[in-house]
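Architecture and fold: a report
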Amino acid sequence: MKPASLAARISTLLVVTSLLVLGGGSKLMDWRIDHEMEKRFEQNLLTQASTLSSTVKLEQDATSGSHSQRIEAGVLGGDSLTYYELRCDGMPPLRSTPPPPITPAGWPQAAGPQPSFARLHHADQYLGSVQLSFPAEPGGGKVPGSDGQPHAPRICALLFEQDRHALYQIDLAVDWILLLSPALALGIALIAVPLIVRRGLRPMTALVDRMHDIGPNAPGQRLAASGMRELDPLINRFNDVLGRMDDGLARERQFASGLAHETRTRLAELRALTEVEVRYPSGRSLPEILTEVGNIGAELEATVTALLLLTRLQSGLEQPQLQTLPLASWLNRQLQRHHGAAADFGITLHTEGTPPARLQTDPALLEVVIGNLLGNACAYAPRGDTVTLRLTATRLSIDNAAPSLDAEDLVNFGQRFWRKQLPHAGHAGLGLALASAAAQALGMQLDFRLDAAQRLHATLAWPRRMTQESDS
């Protein structure tokens, strides 16, 4: 399947948005224009009806029984045909020539002082009408009758109609304008928008071209800033990924180099030992030679075992087997195991604080953490130093003098085969990496800190929910 095009997606969104905006705007304008024209038409209709009613008031002959002054159709309405019908109390109806072709429902009883508008349809003719009532006498008050007594003014009802054909023609013309304008704009957008979008996406194409030559075989390369607000965050993120990739590749190369060095060193020791004993016998007994060969093999086996465990921990294959551990007695056994090595290096082990009675954890993985931290402290602390193990309810801290370390070295803690000093026998630089991976698998936090007195503090912290304060 062909991948979707970003330019086509943006173009489609722009065209659809333009269609909705233009269509909605045209619909709103059409409604407003129709409403305004209808309002003006009714106002014009009422003006003509008012003019006719004023004429009736001024010309008494228009309502007298002697004769009627008829106003011809079209005189008030211009080019549009107009019709009217006038009914006054006690007078015969007065109609235009020709008379209104259709009257609204309720005429003339529905006529009142307030104008009432209606739309009428007769055959192929569309009409607008207004009906209202008014007093026929100019003053609108009581007038004397033939007997000299005043009587109520004569009330007239007026129906005025006008052909809406001209209005409909204007509406139709406006509708066509409002329809064709968005259609024309949309047609132009269909042609112009893809071209504009493709031109606007040229920096993206240039960025893809620059990315083509960046990869693992060209470490250290970075993308230059484009100067565009939308692309620069993407470039910065990509450069961050490149930086992490370079760091990862550097660690992998260091790991491969360290593994090769450790393996080659042990194998070279074995080969040199056997070749020297064959060519130039040292006179040592066979058990002594085999013991040395066994020690070299044990160191190589320990390195491979540590690597396998580290791989299982980091990949999530090694899952903790939680159980309740009496922490005080378990820590005493760990300290006893390291007393011999500490004595060989002239190191004193000291404990402070009270641990929780029990800890919910995996003893084997916890031994990987504590054992490597104690072993690392005993191996690298200066002779005569005191390694202190401090305990609280939620943390365990081991500190020792580290005169050769600096703050930058702490960043490398946990890397495989990293060592600050020259290699010690049996130490392949995997201890802290194993301790960090095991602590993470146990849900604990392992941190390293170098204080002002140049002492290294390794702190293992765990959640309080993992502890039990008393044996009850």
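How each quantity is defined
Residues numbered from 1 in each chain as written. Predicted model: local features only at pLDDT ≥ 70, side-chain atom pairs only at ≥ 80, totals over all residues. Heavy atoms only, no water. Helix = DSSP H or I, 4+ residues; strand = E, 2+ residues; numbered from the N terminus. Buried < 20%, exposed > 50% of the residue type's maximum accessible area, 1.4 Å probe, protein only. Contact = heavy atoms within 4.5 Å. Areas by Shrake-Rupley, 256 points an atom, 1.4 Å probe, with all protein chains shown as cover. Phe/Tyr/Trp six-rings, centres within 6.5 Å; stacked < 30°, edge-to-face > 60°. Lys NZ or Arg CZ within 6 Å of the ring centre and 35° of its normal. Pairing = 2+ DSSP bridges. Axes fitted to C-alpha atoms, helices over the stretch in contact; angles between N-to-C directions. Left-handed = near helix turned anticlockwise from the far one by under 90°. Patch = residues over 30% accessible without salt bridge, like charges linked within 9 Å, V, L, I, M, F, W, Y side chains within 5 Å. Salt bridge = Lys/Arg side-chain N within 4 Å of Asp/Glu carboxyl O. Core = buried A, V, L, I, M, F, W, Y, C linked by side-chain atoms within 4.5 Å. pLDDT = per-residue confidence, 0-100. Expected span 1.5 Å × (residues − 1). Bend = angle between axes of the 7 residues up to and from the residue.

In this section: the overall build of the protein. Scanning the protein for helices and strands turns up 8 helices and 15 strands. Every one of the 472 residues in the protein was classed for burial, and the buried ones make up 36%. Here the contacts in the protein between residues at least 6 apart in sequence split such that 68% fall between residues at least 24 apart. With the model as given, the accessible surface of the protein reaches about 27700 Å², and the carbon-plus-sulfur share is 58%.

Turning next to the packing of aromatic side chains. Each aromatic ring pair is described using two quantities: the centre-to-centre distance and the angle formed by the ring planes. A full pass over the atoms with the stated rule returns 1 aromatic pair. Each ring, one from Tyr126 and one from Tyr168, has its centre 5.5 Å from the other, and the planes form 80°; the classification is edge-to-face. In this pair, Tyr126 is assigned in strand 4 (residues 125-135) and Tyr168 in helix 2 (residues 165-200), connecting sequence segments 42 residues apart. For Arg164, the ring lying beneath its charged end belongs to Phe41, and the centroid distance is 4.9 Å.

Taken together, 5 strands build an open sheet; the order of strands is 2-1-7-4-3 and the sheet is antiparallel. A strand with exactly one partner marks an edge of an open sheet, and here the two such strands are strand 2 (94-95) and strand 3 (116-122). As judged from the 7 bridges shared by strand 3 and strand 4, these two strands associate in the antiparallel manner. Each residue of the ladder has a partner; that of Arg119, found in strand 4, is Gly128.

Axis separation between helix 7 (residues 363-380) and helix 8 (residues 431-442) bottoms out at 8 Å; the angle between their running directions is 150°. Judged by the twist between their axes, the crossing of helix 7 over helix 8 is left-handed. Contacts between helix 7 and helix 8 pair Leu365, Leu366, Val368, Val369, Asn372, Leu373 and Asn376 from the former with Gly431, Leu432, Leu434, Ala435, Ala438, Ala439, Ala441 and Leu442 from the latter.

There is a patch of nonpolar side chains on the surface, built from Leu172, Trp176, Leu179 and Leu180 and spanning about 430 Å² of accessible area. Mapped onto the elements of the fold, Leu179 is located in helix 2.

Among the nonpolar cores identified, the biggest contains 44 residues, and Leu366, Met444, Phe448 and Leu460 are the most heavily contacted of them. Of all the secondary-structure elements, those providing two or more residues to this core are helix 6 (327-344), helix 7, strand 11 (386-391), strand 12 (395-401), helix 8, strand 13 (445-450) and strand 14 (455-461). The dominant element in this core, judged by the number of residues it contributes, is helix 7, at 9 residues. When neighbours within four sequence positions are excluded, Leu366 is seen to be in contact with Leu325, Leu327, Trp330, Leu359, Thr361, Leu442, Met444 and Leu460. Among the nonpolar cores identified, the runner-up in size contains 19 residues, and Met37, Tyr84, Cys88 and Phe134 belong to it.

To continue, consider the confidence of the model for the protein. Averaged over every residue, the pLDDT of the protein is 79; residues scoring 70 or more account for 82%. pLDDT under 50 marks residues 60-68. Its contacts with residues more than four places away, or in other chains, come to 15 contacts.

Time to look at helix 2. Given a rise of 1.5 Å per residue, 36 residues ought to cover 52 Å, and the 50 Å separating the end C-alpha atoms of helix 2 matches this to within 8%. The sharpest bend along helix 2 comes to roughly 35°, located at Ala192, with the proline Pro194 sitting one to four residues further on. For helix 2, the complete set of buried residues consists of Leu167, Asp171, Val174, Leu178, Pro182, Leu186, Ala189, Val193, Pro194 and Val197. Structurally, helix 2 contributes buried residues whose contacts are with helix 1 (6-58).

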